[in-house]
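The primary structure of each chain is shown beneath.
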Amino acid sequence: MKAYQIQTTDGIDGLKLVDLPEPKPGVGQILIRVRATSLNYRDTAVVSGRYPGQILPIIPLSDGAGEVVAIGEGVTRVKVGDRVAGIFFQDWIAGRLTRAKIKSALGGAIDGMLAEYVVLNQEGVVLLPEHLSYEEGAALPCAAVTAWQALVTRGQLAAGETVLLLGTGGVSIFALQFAKTLGAKIIITSSSDEKLERAKAMGAQETINYKTYPEWQEQVWKLTDKEGVDQVIEVGGAGTLDRSLRSARVGGRVSLIGVLGGAGDVNYVHILQKSIDVQGIYVGSREMFEAMNRAVALHQIQPVIDRVFPLTEAPEAYRYMKSGSHFGKIVIQL
């Protein structure tokens with residue numbers, strides 16, 4: 001089979017297309033013919049050797065969807081012909097995240113989905129909603145589940161609340177779709193007026209161009225009648241966290257997800273004085289994934305895919321991810 005391996009920590013140049021033996025499912029395992037995978041910002045860290053606990057060589061990417069083509073002895077959760085996606089943490093089925101479960105992250109701690117065939121434990125997959133293509137299903141495991149945990153499982157977002165979304169990458173666009181479905185008011189930021197118009201067409205009520213308004217928290221303050229937002233989906237990290245804290249209302253919530261914004265100074269007094277609930281979000285469990293899929297199926301939510309690359313152009317997909325030009329998800333077809 002064809003697969004990509006990260007063989008060195010030289011960045012994208014260390015990503016090599018190789019021929020590997022087709023794997024066989026053992027007891028409790030399933031063989032998946034992968035049809036599509038998708039990229040997350042995390043994958044740019046893995047390919048550069050900056051992901052904690054990763055091994056080399058490794059097949060990258062946590063996100064993938066395909067068809068079950070063979071099953072091992074004792075498999076009862078799925079059958080041949082089922083359309084499935086792998087879960088990000090193969091051992092996080094339900095309950096709280098633990099150090100042991102973190103060691104089961106696809107495409108980082110263990111081999112991932114960027115291969116024509118993948119063997120996973122039957123417990124480590126979910127069925128795809130029937131209305132989604134493989135490409136759309138491959139967009140779900142990391143970004144969508146992250147947004148779901150932030151807004152719903154941990155965030156307990158209620159209708160009428162206001163959410164601030166930073167940027168228009170995978171997590172933020174899924175959060176926009178979920179927040180709209182839940183009846184929340186949405187404010188979203190971007191450096192592109194074109195992307196902001198697209199977000200508005202999808203249901204965002206207010207938009208802020210952070211190039212036009214570098215101190216964008218002041219615009220948030222004005223748009224919320226000097227109250228602040230109920231929840232911030234914070235994907236920038238230290239580079240944007242202080243502004244996110246300033247944007248939150250007293251008693252609000254900030255979901256820490258990414259590190260896109262680089263370094264920055266954070267005034268933690270805002271957390272104390274405004275009694276802000278800061279929650280770290282690290283994707284989610286299979287239980288969360290399945291709950292999210294029920295909502296996706298009920299509301300016929302379709303992931304926003306920016307661009308699809310063929311398998312042979314996987315390095316170009318990585319470069320496109322690093323450019324930050326995308327709106328939604330970047331997919332690789334197999």
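The shown structure was predicted, so the numbers you read here are calculated from the model rather than taken from an experiment.

Section: the overall build of the protein chain
Item 1. When helices and strands are counted, the protein chain shows eleven helices and 15 strands.
Item 2. Whereas a compact globule of 334 residues would reach a radius of gyration of roughly 20 Å, the protein chain reaches 20 Å, a difference of no more than 12%.
Item 3. For the protein chain, the residues scored as buried account for 56% of the 334 residues in total.
Item 4. Taking all contacts inside the protein chain whose residues are at least 6 apart in sequence as the whole, residues at least 24 apart take part in 68%.
Item 5. When the accessible surface of the protein chain is totalled, it reaches about 13,900 Å², and 50% of it is carbon and sulfur.
Item 6. Counting 34 positive and 35 negative side-chain charges, the protein chain places the averaged centre of each group 2 Å from the other.

Describing the pattern of salt bridges
Here the idea is simple: oppositely charged side chains can pair when their charged atoms come close.
Item 1. All chains considered together, the criterion is met by 14 salt bridges.
Item 2. Glu290 is paired through a salt bridge with Arg77; the nearest N and O atoms lie 3.2 Å apart. Placement of Glu290 in helix α10 (residues 286-298) and of Arg77 in the loop between β4 (63-71) and β5 (83-86) is noted, with a sequence separation of 213 residues between them.
Item 3. Two residues, Arg286 and Glu123, come together in a salt bridge whose shortest N-O distance is 2.7 Å. Of this pair, Arg286 sits in helix α10 while Glu123 is found in the loop between β6 (117-121) and β7 (125-127), placing the two residues 163 residues apart along the sequence.

Brief notes about the environment of Lys101
Item 1. Secondary-structure assignment places Lys101 in helix α2 (residues 99-102).
Item 2. C-alpha separation for the pair Lys101 and Gln90, spaced eleven residues apart in sequence, amounts to 7.5 Å.
Item 3. Within the local environment of Lys101, its side chain forms a polar contact with the backbone oxygen of Ala94, the two atoms lying 3.1 Å apart.

Some points on the sheet that holds strand β12 (residues 248-256)
Item 1. Read across the open sheet, the six strands follow the order β10-β9-β8-β11-β12-β13; overall the sheet is parallel. Each edge of the sheet is formed by a strand with only one pairing partner; in this case those strands are β10 (206-209) and β13 (277-280). On average, each strand axis in the sheet is tilted by 15° relative to the strand beside it, whichever way the strands run.
Item 2. With three bridges connecting them, strand β8 (residues 162-166) and strand β11 (residues 229-234) associate as parallel partners. Residue pairing for β11: Leu164 is matched across the bridge by Val232.

Some points on the packing of helix α4 (residues 140-153) against helix α5 (residues 170-181)
Each pair of packed helices gets described by two things: the angle between the helix axes and the distance between those axes.
Item 1. Running from amino to carboxyl end, α4 crosses α5 at an angle of 50°, the nearest separation of the two axes being 8 Å. Comparing their axes, α5 and α4 come out oblique. Considering how the two elements wind past one another, α4 and α5 form a crossing that is right-handed. Along its contact with α4, which presents Leu140, Ala143, Ala144, Thr146, Ala147, Trp148 and Leu151, the element α5 presents Gly170, Val171, Phe174, Ala175, Phe178 and Ala179.

Quick look at the packing of aromatic side chains
Item 1. For the structure on display, the rule yields seven aromatic pairs.
Item 2. Taking the centre distance of 5.9 Å and the plane angle of 55° together, the rings of Phe89 and Trp92 count as tilted. Here Phe89 and Trp92 have matching classes, each one buried.
Item 3. Ring-pair connections join several aromatic residues into one group, and the members of that group are Phe88, Phe89, Trp92 and Tyr282.

Concerning the pairing of strand β14 (residues 305-310)
Item 1. In this structure, β14 lies alongside strand β15 (residues 329-333), joined through five bridges in parallel fashion. Counted as the bridge partner of Arg307 is Ile330 from β15.
Item 2. Read from β14 through helix α11 (residues 314-323) to β15, the crossover connection turns out right-handed.

Definitions and limits used
- Residues numbered from 1 in each chain as written.
- Predicted model: local features only at pLDDT ≥ 70, side-chain atom pairs only at ≥ 80, totals over all residues.
- Heavy atoms only, no water.
- Helix = DSSP H or I, 4+ residues; strand = E, 2+ residues; numbered from the N terminus.
- Rg over C-alpha atoms; globule rule 2.2 N^0.38 Å.
- Buried < 20%, exposed > 50% of the residue type's maximum accessible area, 1.4 Å probe, protein only.
- Contact = heavy atoms within 4.5 Å.
- Areas by Shrake-Rupley, 256 points an atom, 1.4 Å probe, with all protein chains shown as cover.
- Lys, Arg positive; Asp, Glu negative; His and termini not counted.
- Charge placed at Lys NZ, Arg CZ, Asp CG, Glu CD.
- Salt bridge = Lys/Arg side-chain N within 4 Å of Asp/Glu carboxyl O.
- Polar contact = N/O pair within 3.5 Å; in protein donor to acceptor, adjacent residues only side chain to side chain.
- Pairing = 2+ DSSP bridges.
- Axes fitted to C-alpha atoms, helices over the stretch in contact; angles between N-to-C directions.
- Parallel < 35°, antiparallel > 145°, perpendicular 65-115°, else oblique.
- Left-handed = near helix turned anticlockwise from the far one by under 90°.
- Phe/Tyr/Trp six-rings, centres within 6.5 Å; stacked < 30°, edge-to-face > 60°.
- Right-handed = clockwise from strand over helix to strand, strands pointing away.

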